[in-house]
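# A look at the structure
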Amino acid sequence: MGVTIHDVAARAGVSVATASRAMSGQRGVRAENRDKVLAAARELDYEPNVVAASLRSRTTHTIGMVVPRIANPFFATLVESIEKQLHDGQRSLLLANSHYEPEVEQRQVRALLDRRVDALILIPCHRERSGEVLATAAARIPVIQLDLRVDGFASSWVGVDNEAGVWQVVRHLTERGAKRLVFVGAQPTDSAAQARLDGYRRAAGDGDDVLLGDFSKEWGQRAAKLLLQRGELPDGIVCGNDTIALGVLGELASNDVRVPQDVLVAGFDDIPYAELSRPALTTVRQPQEQIAAEAVRILDARLADDAATPRSTAITPELIVRSST
């Protein structure tokens, strides 16, 4: 017969209830007793029965998360920030990828619900079509939308003020002398694409010169080719995210266009590669650790009180000026 929680409690000199609470990470256990229990578990090579524990407590200590595309460096680093916040609270993250397809997103969310996750963090891939699965999940467990959101859906959300970020970029480029600007962004199928497009049009005044594709390096390259084919480049290119901007920079360099001497280029997100590009990319930094901490804090409040009022938190991003402008 294997080692049981009774054996751990006896070795630590505490009650079985205290040992059980300490092993499951619950509150109400003195630090001294928790240390004794964990030490005893290590000494005895105790492996708790996670399934049985979850059935007793009705919690699995796991949080589900669905992102549109994990290959996007912004989402990858955001996931790391969320995972760190959860790990500090002795919880695990179950991650799934929707590939920007609402049907795939629906399957992934249902799979996480079948795994009995305690709550769901969703970066919805579509402003409208993600609403159905979001409602399905919210009827069963606490849900928070992160970064992106579904139009008109009343659940908690944490992200950045995208319009404010684009406004900072436009103001910076005009202060640098740019008079003719172009916005290279994504089709507004998700909320960030829509907000950044809206922000550009408001900030630029005559902001009708826009090229819309998707949030990819390939689209950035193609958009730069279209601009080069016009024969006269704008003074500044405002990109919907850093991945697009990296594609733009690469295509301009291939055609011997100098940045920033011939044209100013800026992005959005401040992914790890932005500082490493040549020239280093001016961009809008999203404070991912702050976003993650706020998201987990709101989620914990919902787990503690299911009747907690949904709240939206828009964090103002920071303009990071580098060599590309």
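Residues numbered from 1 in each chain as written. Predicted model: local features only at pLDDT ≥ 70, side-chain atom pairs only at ≥ 80, totals over all residues. Heavy atoms only, no water.

### Focus on the environment of Glu163
Tracing the sequence through the fold places Glu163 in helix α8 (residues 162-175). The class of Glu163 is partly exposed, set by a relative accessible area of 29%. Each C-alpha atom of the pair Glu163 and Leu276 lies 26 Å from the other, and the pair is 113 residues apart in sequence. The residues touching Glu163, leaving out its near neighbours within four places in the chain, are Ala195, Asp198, Gly199 and Arg202. (Helix = DSSP H or I, 4+ residues; strand = E, 2+ residues; numbered from the N terminus. Buried < 20%, exposed > 50% of the residue type's maximum accessible area, 1.4 Å probe, protein only. Contact = heavy atoms within 4.5 Å.)

### Quick look at the packing of helix α5 (residues 73-88) against helix α12 (residues 288-304)
Contact geometry of α5 with α12 gives a least axis separation of 9 Å together with a crossing angle of 50°. On the basis of the axis angle, α5 is oblique to α12. Viewed along their axes, α5 and α12 form a crossing whose handedness is right-handed. From α5, Phe74, Thr77, Leu78, Ser81, Ile82, Gln85 and Leu86 reach across to α12, where they touch Gln288, Glu289, Ile291, Ala292, Ala293, Ala295 and Val296. Its residues assigned to classes, the contact of α5 with α12 comprises 9 nonpolar, 4 polar and 1 charged. (Axes fitted to C-alpha atoms, helices over the stretch in contact; angles between N-to-C directions. Parallel < 35°, antiparallel > 145°, perpendicular 65-115°, else oblique. Left-handed = near helix turned anticlockwise from the far one by under 90°. Nonpolar A, V, L, I, M, F, W, Y, C, P; charged D, E, K, R; others polar.)

### A few points about the sheet that holds strand β5 (residues 156-160)
The sheet built from 6 strands is open, its strands ordered β2-β1-β3-β4-β5-β11 with parallel pairing. In this open sheet, the two edge strands, each paired with only one partner strand, are β2 (92-97) and β11 (312-315). Taken over all neighbouring pairs, the strand axes of this sheet differ in orientation by 15° on average, direction set aside. Looking at chain direction, strand β4 (residues 143-146) and β5 are connected through 3 bridges and run parallel. Bridge pairing in β5 places Gln145 opposite Trp157. Its contacts with the sheet place helix α6 (residues 102-114) against β1 (62-67), β2 and β3 (119-122), and it is angled at close to 175° to β1. The strands touched by helix α7 (residues 131-138) are β3 and β4; relative to β4, the strand with the most contacts, the crossing angle is about 145°. (Pairing = 2+ DSSP bridges.)

### Brief notes about the pattern of salt bridges
When the charged atoms of two side chains with opposite charge come close together, those side chains can pair. Evaluated as defined, the whole model comprises 14 salt bridges. In this structure, the salt-bridge partner of Lys36 is Glu32, at a minimum N-O distance of 3.7 Å. Of this pair, Lys36 and Glu32 both sit in helix α3 (residues 31-44), 4 residues apart, which is roughly one turn of that helix. Classification of Lys36 as partly exposed rests on a relative accessible area of 37%. Each member of the salt-bridge network shares a partner with another, and the members are Arg180, Glu232 and Asp235. (Salt bridge = Lys/Arg side-chain N within 4 Å of Asp/Glu carboxyl O.)

### A look at the domain arrangement of the protein chain
Domain assignment breaks the protein chain into domain 1 (5-57), domain 2 (62-160 + 288-316) and domain 3 (162-285). Taken over C-alpha atoms, the centre of domain 1 sits 30 Å from the centre of domain 2. (Domains from an automatic or database assignment.)

### Structural notes on the side chain of Ser216
Within the element layout of this structure, Ser216 appears in the loop between β7 (210-213) and α10 (217-229). On the basis of relative accessible area, Ser216 is assigned to the buried category, the value being 10%. Side-chain polar atoms of Ser216 contact the side chain of Asp214, separated by 2.5 Å. Within polar-contact distance, the side chain of Ser216 engages the backbone nitrogen of Trp219 at 3.0 Å. Each residue touching Ser216, except ones within four places of it in the same chain, is listed here: Thr243 and Ile244. (Polar contact = N/O pair within 3.5 Å; in protein donor to acceptor, adjacent residues only side chain to side chain.)

### Considering the sheet that holds strand β9 (residues 264-266)
Ordered in space as β7-β6-β8-β9, the 4 strands form an open sheet in which the pairing is parallel. In this open sheet, the two strands that pair with only one neighbour each are β7 and β9. Across this sheet, the average inter-strand angle for adjacent strands is 15°, counted without regard to direction. Bridging between strand β6 (residues 181-186) and strand β8 (residues 236-239) involves 4 bridges; their strand directions are parallel. By the bridge assignment, Phe183 is partnered in β8 with Val238. Lying over the sheet, helix α9 (residues 191-204) contacts β6, β7 and β8, oriented at roughly 170° with respect to β6.

### Focus on the pairing of β5
Burial analysis of β5 places 5 of its 5 residues in the buried class, which makes it a mostly covered element. Burial along β5 is two-sided: Ser156, Val158 and Val160 and Trp157 and Gly159, pointing in opposite directions, are all buried. Examined bridge by bridge, β5 and β11 share 4 bridges and lie parallel to one another. Bridging from a neighbouring strand, Trp157 pairs with Ser312 of β11.

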